[in-house]
Amino acid sequence: MRYFDSPKNKAFWEKEMAGLRKKRAEREAGGFPEQSSRQQPDRENSPVRIRVSYEELLKMEAEAMGAVREQRRKRPVKEKEKSMERSMER
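This structure is a prediction, so every number in the text was calculated from the model and none was measured.

**Some points on the overall build of the protein**
1) Next: When helices and strands are tallied, the protein shows 4 helices and 0 strands.
2) Next: Counting from the amino terminus, the protein carries its helices and strands in the arrangement α-α-α-α.
3) Next: Total accessible area on the protein is roughly 9400 Å²; 53% of this is exposed by carbon and sulfur atoms.

**Observations regarding a nonpolar patch on the surface**
1) Next: Taken together, the side chains of Ile50, Val52, Tyr54, Leu57, Leu58 and Met60 present a nonpolar region at the surface, about 610 Å² in accessible area.
2) Next: With respect to the secondary-structure elements, Ile50 resides in the loop between α2 (33-37) and α3 (54-74).

**Some remarks on the confidence of the model for the protein**
1) Next: When pLDDT is averaged along the protein, the result is 78; 73% of the residues meet or exceed 70.
2) Next: Least confident of the elements in the protein is α2, whose mean pLDDT is 54; most confident is helix α1 (residues 7-28), at 90.

Calculation criteria
- Residues numbered from 1 in each chain as written.
- Predicted model: local features only at pLDDT ≥ 70, side-chain atom pairs only at ≥ 80, totals over all residues.
- Heavy atoms only, no water.
- Helix = DSSP H or I, 4+ residues; strand = E, 2+ residues; numbered from the N terminus.
- Areas by Shrake-Rupley, 256 points an atom, 1.4 Å probe, with all protein chains shown as cover.
- Patch = residues over 30% accessible without salt bridge, like charges linked within 9 Å, V, L, I, M, F, W, Y side chains within 5 Å.
- Salt bridge = Lys/Arg side-chain N within 4 Å of Asp/Glu carboxyl O.
- pLDDT = per-residue confidence, 0-100.

This is the structure:
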């Protein structure tokens, strides 16, 4: 309890408690000032989350793997031979 022995800390704490008491009184009166000023994020239209079903996810992964396979097929033969030589040297 040494914290409250200091007059500076005691004054700070009293100021903090006065603010908390004021908020409590407003809430008990039926107002919610901190919630009215803040808007709740829209979870359905959030740019962070995208709703995807399991089937859609599997389809997306298959398409991505197909694109990777196509790129591998399109590589020139010389690059394939070089990569084979590198793997044989190791």
